[in-house]
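Breakdown of the fold
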Amino acid sequence: MNYWLVKSEGDCYSIADLKRDKRTAWTGIRNYQARNFMRDGMKKGDLVLFYHSQSEPSGIYGLAKVVSEPHPDETAFDKKDEHYDPKSKREAPTWMCVDLQYVKTYKEPLSLADIKRDTKLEGMWVTRKGDRLSVQPVSEKHFKWIEKLLSK
DNA sequence: GCCAACGTTGGC
DNA sequence: GCCAACGTTGGC
């Protein structure tokens, strides 16, 4: 079992949107490192912290679960899609994604400031300066602590 | 809206 | 293959 964190701009696709949709293909990732985590690291059943960036406050708002194997990101083939990438070919897709299923929304978000303040969460990717990675691994220790903090 | 960080692009 | 220019992300 692995743990992850995905970022989404809060007013773009939020945990409330995921709740409404029940599940969604996590498309539009156009960063190789993030793609590698999804393609090579994520397994069905892995738990995923849902992080809102550009929000007030930015932080962890909910929980999702990986419910598919990695598959090609269809939006890369769609000329009309904002994430269209002419370099990604159907026979050799550049971009891969997984499907995420809604699990829950936390009563209170865990803000970035909270995360930075908590010495037990030291070393998390989101706290790294200049961090822009939209899919990132979370250690079991950090995940368990966050769940504990948020289930209160 | 600003700006630091950093990935990507493209000229050479 | 280097590296400057450019674009994007995301906190503040």
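Use the structure listed above.
Here we summarise the structure given alongside this text. (Residues numbered from 1 in each chain as written. Chains lettered and ligands numbered in written order. Predicted model: local features only at pLDDT ≥ 70, side-chain atom pairs only at ≥ 80, totals over all residues. Heavy atoms only, no water.)

Here we take up the protein's contact with DNA strand B. In the vicinity of DNA strand B, the contacting residues are Tyr32, Lys87, Lys129, Gly130 and Arg132. What you see for DNA strand B is that sugar and phosphate hold 64% of its atoms within 4 Å of the protein. At a separation of 2.3 Å, a base oxygen of DNA strand B approaches a polar side-chain atom of arginine 132. Class assignment of the residues belonging to the surface near DNA strand B gives a composition of one nonpolar, one polar and three charged. (Near = heavy atom within 4 Å. Polar contact = N/O pair within 3.5 Å; in protein donor to acceptor, adjacent residues only side chain to side chain. Nonpolar A, V, L, I, M, F, W, Y, C, P; charged D, E, K, R; others polar.)

This structure, assessed with the given rule, holds six aromatic pairs. Relative to tryptophan 95, the ring of tyrosine 32 lies with its centre 4.8 Å away and its plane at 35°, an arrangement referred to as tilted. Within this pair, whereas tyrosine 32 is found in helix α2 (residues 32-41), its partner tryptophan 95 is found in the loop between β5 (71-72) and β6 (96-97), the two being separated by 63 residues in sequence. According to the relative accessible area criterion, tyrosine 32 is partly exposed, its value standing at 49%. Of the aromatic side chains, those joined through ring pairs into one cluster are Trp4, Phe37 and Trp125. Above the ring of tryptophan 125, the side-chain terminus of arginine 128 is found at 4.4 Å from the ring centroid. (Phe/Tyr/Trp six-rings, centres within 6.5 Å; stacked < 30°, edge-to-face > 60°. Helix = DSSP H or I, 4+ residues; strand = E, 2+ residues; numbered from the N terminus. Buried < 20%, exposed > 50% of the residue type's maximum accessible area, 1.4 Å probe, protein only. Lys NZ or Arg CZ within 6 Å of the ring centre and 35° of its normal.)

Using the criterion set out here, one finds 11 salt bridges in the structure. Residues arginine 23 and aspartate 99 are paired through a salt bridge, measuring 2.7 Å at the closest nitrogen-oxygen approach. Of this pair, arginine 23 sits in strand β2 (residues 23-25) while aspartate 99 sits in strand β7 (residues 99-111), and the two are 76 residues apart along the sequence. Here aspartate 99 falls in the buried class, since its relative accessible area comes to 13%. A salt bridge links arginine 117 to aspartate 114, with the shortest nitrogen-to-oxygen separation between them at 3.1 Å. Pair noted here: arginine 117 and aspartate 114 are both in helix α3 (residues 112-117), with a separation of three residues, about one helical turn. For arginine 117, a relative accessible area of 61% corresponds to the exposed category. For aspartate 114, a relative accessible area of 27% puts it in the partly exposed group. (Salt bridge = Lys/Arg side-chain N within 4 Å of Asp/Glu carboxyl O.)

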